[in-house]
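Descriptive structure summary
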Amino acid sequence: MTDAQETAADTSLRTTGGAPPDDVAPAPIPLLEPREGIPPVVASDDALARVIADFAAGSGPVAVDAERASGYRYGQRAYLVQLRREGAGSALIDPVGCPDLSGLGEALRGAEWILHAATQDLPCLREIGLTPTGLFDTELAGRLAGFPRVGLGAMVESVLGYSLEKGHSAVDWSTRPLPDPWLRYAALDVELLIDLRNALEEELDQQGKLEWAQEEFAAIAAAPPAPPRQDPWRRTSGMHKVRRRRQMAVVRELWNTRDEVARRRDLSPGKVLGDAAIIEAALALPVGLQALTALPGFGHRMGRRQLEQWQAAVDRAKELHDTELPQPGQPLTGPPPPRAWADKDPVAAARLSAARAAVSELAERLHMPQENLITPDTVRRVCWEPPKDPTPDAVGHALAGYGARHWQIEQVAPLLVHALASEA
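Let me begin by describing the structure that accompanies this report.

About the thresholds
- Residues numbered from 1 in each chain as written.
- Predicted model: local features only at pLDDT ≥ 70, side-chain atom pairs only at ≥ 80, totals over all residues.
- Heavy atoms only, no water.
- Core = buried A, V, L, I, M, F, W, Y, C linked by side-chain atoms within 4.5 Å.
- Buried < 20%, exposed > 50% of the residue type's maximum accessible area, 1.4 Å probe, protein only.
- Helix = DSSP H or I, 4+ residues; strand = E, 2+ residues; numbered from the N terminus.
- Contact = heavy atoms within 4.5 Å.
- Phe/Tyr/Trp six-rings, centres within 6.5 Å; stacked < 30°, edge-to-face > 60°.
- Lys NZ or Arg CZ within 6 Å of the ring centre and 35° of its normal.

Describing the nonpolar core
Ile93 and Leu125 are the most contacted members of the largest nonpolar core, which totals 80 residues. When residues in this core are grouped by element, the largest group, seven residues, is from helix 16 (residues 346-366). Those residues in contact with Leu125 that sit more than four places away from it in its chain are Val64, Ala66, Val81, Trp113, Leu115 and Leu130. Residues Met239, Leu267, Met302 and Ala313 belong to the second largest nonpolar core, which totals 32 residues.

In structure tokens, the structure reads:
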């Protein structure tokens, strides 16, 4: 880190303002209001065509947000898309009425998109034809700049001095028609994103971190969609209680059955059958409906037909041949858990301890979370299998192979070169 970067980093939180003197009451924070009122919801091809024309004629970056119905509906599809651009104002688009927004995506091609926590919204936006060519993530920018709270409301309040209305983030956005208070909340999510982006860009530039942020944003925009999870049933909450392979097979059968039902009924899987109920059934291995009904999560409110489908899943698992049962755990694709390093390889454990301490100290000096400086998994992998000749170039090449960006390599590689020389 250069002297200028270190000096700038020490003032990274100046945009949050200092505390007022004890004898001066803090000024009330004004509640943000939509500048042009709540825009009408776009749910027809004609209305969408007008929005596309308006946003194509607009200028500068475009603020984008999406609302999902997590916890209510199956999957992570978008049920409302909010946009704002200079010269076009704000727009609220209903992806149920307008499921193909690729025309809007084309109109915005080449424009910078501003999103808050972009990786959360990009998958559902891609599904409806919206993919940015470049972006600015205000949440990630806040992390890199050292803000202690990086939620949208906290950022708008600390950087711009406005309070965002709270209370509708976890509602069922698949509801139709959407109530006006929800639409007002949604419109406000993009109201000041452009202003927030501009303020954060200036802050990052003053800290000497703007190029770092731009590398991060480019990596997010270029990242391919995440592959499907392997054996997603293994992520059932409470899975650590399940030890026997037959019980694991019950979890797998119940999870897959639940997923099929949830997909067919377009419901969140948790509303079909809770994870806790799946684990209870796996541990008990019920022999019939009466035993199943006695378990938590399979009470009297559940109809006989539902109980029969869950019992059938249990029975299928119980009838599997031993060779068909799942293996415990998943094959390790990387280093063992750090707690096992001292026994397996004390020298590697010493390397990891030295690397962690150095990364932690640098992250503190740069005023950013350690995981944004370099991912813990990357540090573990390099320390477990270091280059044979751990020169700066070799360590940098190893970091790049695990997806580290240029700025991260520049900052972290020298630390790891030193750490890799540590001995037990």
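That shown, we press on.
Some points on unusual backbone geometry
A cis geometry characterises the amide bond from Arg176 onward to Pro177, with omega recorded as -5 degrees. Within the element layout of this structure, Pro177 appears in the loop between helix 6 (152-160) and helix 7 (180-191). Phi angles above zero are rare outside glycine, and Asp231 is one such case at about 50 degrees. Structurally, Asp231 is set in the loop between helix 9 (210-222) and helix 10 (245-265). A positive phi angle, close to 55 degrees, is found at His367, a residue other than glycine. Tracing the backbone shows His367 in the loop between helix 16 and helix 17 (370-373). Judged by relative accessible area, which is 28%, His367 ranks as partly exposed.

Some points on the packing of aromatic side chains
Counted by the stated rule, this structure contains five aromatic pairs. Judged by centre distance (4.7 Å) and plane angle (50 degrees), the ring pair of Phe136 and Phe217 falls under tilted. Taken as a pair, Phe136 in strand 6 (residues 134-137) and Phe217 in helix 9 lie far apart in primary sequence, 81 residues in all. With respect to class, Phe136 is no different from Phe217; both count as buried. Taken together through their ring pairs, the aromatic side chains of Trp173, Trp182 and Tyr185 make up a single cluster. Over the face of the ring belonging to Tyr79 we find Arg77, whose NZ or CZ atom lies 4.7 Å from the ring centre.

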